[in-house]
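Observations on chain architecture
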Amino acid sequence: MSDMTQTSATTAEPALSGKIIFTLAAGAGLSVASIYYSQPMLGIMGGNLQASTTSVGLIPTLTQAGYALGILFLIPLGDRHDRRTIILLKSILLAVALLLCGFVPGIHGLLVASLITGIGATMAQDIVPASAHLAPAAQRGKTVGTVMTGLLVGILLSRVVSGFVAEYFGWRVMYQLAAVSVALIGFALWRVLPRFTPDTRISYARLLHSMFGLWKHYKTLRHAALAQGLLSVAFSAFWSTLAIMLNDTFHLGSAVAGAFGLAGAAGALAAPLAGALADKKGPARVTQMGSALVMVSFAAMFLLPLLSPHAQLALIVASAIGFDLGIQATLVAHQTLVYGLEPAARGRLNALLFTVVFIGMSAGAALGSKALETGGWTGVVLLATVAAAAALLVRLFSRKS
């Protein structure tokens, strides 16, 4: 064990170079962006493929489902195998899946490719713990924070870039460019990263089995996952249907829908603010405040029918800023709660938390498209508000218990 620790410490020093940190941050951002490229393009994709709203809504649904499956079944492999190799293999898988999205002729092939895209995109969840492993303890927080900033920027810019590219060059070009970017960053990561010594030698089956034990043992984990999963339902329902609603109601293209993603800047700002607030007020209190902000932000959109078209768009932007701020603040607070349960099992605890989060994302995409088809935008707002209210109730109940 001492030899293993010494090896880790030895490899940590050169890993602090700006080149490696930047490459890790870029890798996290480009890989996680693959999950969100489709959302502003759904209106264009549906018309091009002559697919129904429900069918097109399955694209983000299956992408999120693939991400959840990848987190649950593949992330634990990082405790047992060289993360450098895992990152390379996932980058290849993700690049191939994105190429398929860019070339398949029909909706059914696109749905399969979207599922594989979600699985491959989990390389982002391998990159973040890799940065924590490489950094010396004194600089670990700063290094991981920089990589997480790259991840958040990837989420922020993905919708903006894909909306613009789809509008002026076509949605297939966006997928093709994404495939090239992932292939390049995967190769760059392979070149700059050292080999990783596995943290454990237990079998894959035992790794998975231990996750069930963690889930059963920690009520705090279950409450955090459930609340964040419900917030993810609301988040995904909004973003998965926004482009279609803007096209049908306001006759706005994918470039405008993508520009709404700039509201996600609030999420990038929320991460450090939520961490500081959690230190002062406690993470449990921050989860309540964040959930309440999400609920109020969505409920405000019930006022849309009373406003002029320009005022409606302004309210949607304001609501997006509010709920994104609340969701990111709540996520940071939930991670703080969960990571403190059992430090030796943080990777598996993180996998369990994010599995439920992306199950919520997948469910939100499916339910959102159904709500839009049956109840219009008011149906989507109702779904998101109810989901956020349920998350707030979970946090209030958790505090009392």
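Reading guide: rules and limits
- Residues numbered from 1 in each chain as written.
- Predicted model: local features only at pLDDT ≥ 70, side-chain atom pairs only at ≥ 80, totals over all residues.
- Heavy atoms only, no water.
- Helix = DSSP H or I, 4+ residues; strand = E, 2+ residues; numbered from the N terminus.
- Buried < 20%, exposed > 50% of the residue type's maximum accessible area, 1.4 Å probe, protein only.
- Areas by Shrake-Rupley, 256 points an atom, 1.4 Å probe, with all protein chains shown as cover.
- Patch = residues over 30% accessible without salt bridge, like charges linked within 9 Å, V, L, I, M, F, W, Y side chains within 5 Å.
- Salt bridge = Lys/Arg side-chain N within 4 Å of Asp/Glu carboxyl O.
- Phe/Tyr/Trp six-rings, centres within 6.5 Å; stacked < 30°, edge-to-face > 60°.
- Lys NZ or Arg CZ within 6 Å of the ring centre and 35° of its normal.
- Expected span 1.5 Å × (residues − 1).
- pLDDT = per-residue confidence, 0-100.
- Contact = heavy atoms within 4.5 Å.
- Axes fitted to C-alpha atoms, helices over the stretch in contact; angles between N-to-C directions.
- Parallel < 35°, antiparallel > 145°, perpendicular 65-115°, else oblique.
- Left-handed = near helix turned anticlockwise from the far one by under 90°.
- Nonpolar A, V, L, I, M, F, W, Y, C, P; charged D, E, K, R; others polar.
- Core = buried A, V, L, I, M, F, W, Y, C linked by side-chain atoms within 4.5 Å.
- Domains from an automatic or database assignment.

1. Comments concerning the overall build of the protein chain
In terms of regular secondary structure, the protein chain is built from 16 helices and zero strands. Within the protein chain, buried positions represent 53% of all 401 residues. Surface accessibility of the protein chain: about 16,700 Å² in total, with carbon and sulfur atoms responsible for 69%.

2. Thoughts on a nonpolar patch on the surface
Together, Leu89, Ile92, Val96 and Leu100 give the surface a local cluster of nonpolar side chains, amounting to about 350 Å² of exposed area. Its location among the elements puts leucine 89 in helix H5 (residues 83-103). Judged by its relative accessible area of 53%, leucine 89 falls in the exposed class.

3. Structural notes on the packing of aromatic side chains
Evaluated as defined, the whole model comprises 12 aromatic pairs. Between the aromatic rings of phenylalanine 238 and phenylalanine 323, the centroid separation amounts to 4.8 Å while the plane-to-plane angle is 70°, which identifies the pairing as edge-to-face. Here phenylalanine 323 lies in helix H15 (residues 309-339) and phenylalanine 238 lies in helix H11 (residues 219-250), a separation of 85 residues in the sequence. Chaining the aromatic ring pairs together yields one cluster made of Phe235, Phe238, Trp239, Phe298, Phe323 and Trp377. Above the plane of the ring of tryptophan 190 lies arginine 84, whose end atom (NZ or CZ) is 3.5 Å from the centre. Above the ring of tryptophan 239, the side-chain terminus of arginine 159 is found at 4.2 Å from the ring centroid.

4. Quick notes on helix H9 (residues 171-192)
Taking 1.5 Å of rise per residue, the 22 residues of H9 would be expected to cover 32 Å, and the 32 Å separating its terminal C-alpha atoms lies within 8% of that figure. Within the sequence span of H9, burial applies to Trp171, Met174, Tyr175, Ala178, Ala179, Ser181, Val182, Ile185, Gly186, Leu189 and Val192.

5. A few points about the confidence of the model for the protein chain
For any part of a model where pLDDT is low, the fine detail of the predicted coordinates should not be relied upon. Per-residue confidence for the protein chain averages 86 on the pLDDT scale, and 89% of its residues sit at or above 70. Taken element by element, the protein chain is modelled with least confidence in helix H1 (residues 2-12), mean pLDDT 39, and with most confidence in H9, mean pLDDT 97. Per-residue pLDDT stays below 50 along residues 1-15; that stretch engages in 14 contacts with residues further than four places along the chain or on separate chains.

6. Here's the deal with the environment of tryptophan 215
Within the fold, tryptophan 215 resides in helix H10 (residues 204-217). Expressed as a C-alpha distance, the spacing of tryptophan 215 and leucine 353, which sit 138 residues apart in the sequence, is 9.4 Å. When near neighbours in sequence (up to four residues on either side) are disregarded, tryptophan 215 contacts Leu221, Arg222, Ala225, Leu352 and Val356.

7. Observations regarding the pattern of salt bridges
It is possible for side chains bearing opposite charge to pair when their charged atoms get close. Scanning all chains against the criterion turns up two salt bridges. Arginine 195 serves as the salt-bridge partner of aspartate 82, at 3.5 Å between the closest nitrogen and oxygen. With a gap of 113 residues between them, aspartate 82 in the loop between helix H4 (53-74) and H5 and arginine 195 in the loop between H9 and H10 connect regions that are remote in the sequence. For arginine 195, a relative accessible area of 58% translates into the label exposed. The partner of lysine 90 in a salt bridge is aspartate 126, and the shortest N-O contact between them spans 2.7 Å. Taken together, the residues span a long stretch of sequence, with lysine 90 in helix H5 and aspartate 126 in helix H7 (residues 123-134) at a distance of 36 residues.

8. A closer look at the packing of H5 against H9
Between H5 and H9, whose axes approach to 8 Å, the crossing angle comes to 165°. One way to sum up the angle between H5 and H9 is to call them roughly antiparallel. In the packing of H5 onto H9, the handedness of the crossing is left-handed. Across the interface between the two elements, Arg84, Thr85, Ile87, Leu88, Ser91, Leu94, Ala95, Leu98, Leu99, Cys101, Gly102 and Phe103 of H5 pack against Trp171, Arg172, Tyr175, Gln176, Ala178, Ala179, Val182, Ala183, Gly186, Leu189 and Trp190 of H9. The residue makeup of the contact of H5 with H9, split by class, is 16 nonpolar, five polar and two charged.

9. Points about the nonpolar core
Formed by 108 residues in total, the largest nonpolar core has its most connected members in Phe238, Phe358 and Trp377. Residue assignment places this core across two domains, with domain 1 (16-201) and domain 2 (209-400) each supplying three or more. In this structure phenylalanine 238 touches Phe298, Met301, Ile316, Ala320, Phe323, Trp377 and Val380, once residues within four positions along its chain are discounted.

10. A word on the packing of H11 against H15
Between H11 and H15, the shortest axis-to-axis distance is 10 Å and the interhelical angle comes to 160°. As summarised for this structure, H11 and H15 are arranged roughly antiparallel, according to the angle between their axes. For the pair H11 and H15, the sense of crossing is left-handed. A per-class count over the contact of H11 with H15 returns 20 nonpolar, five polar and one charged.

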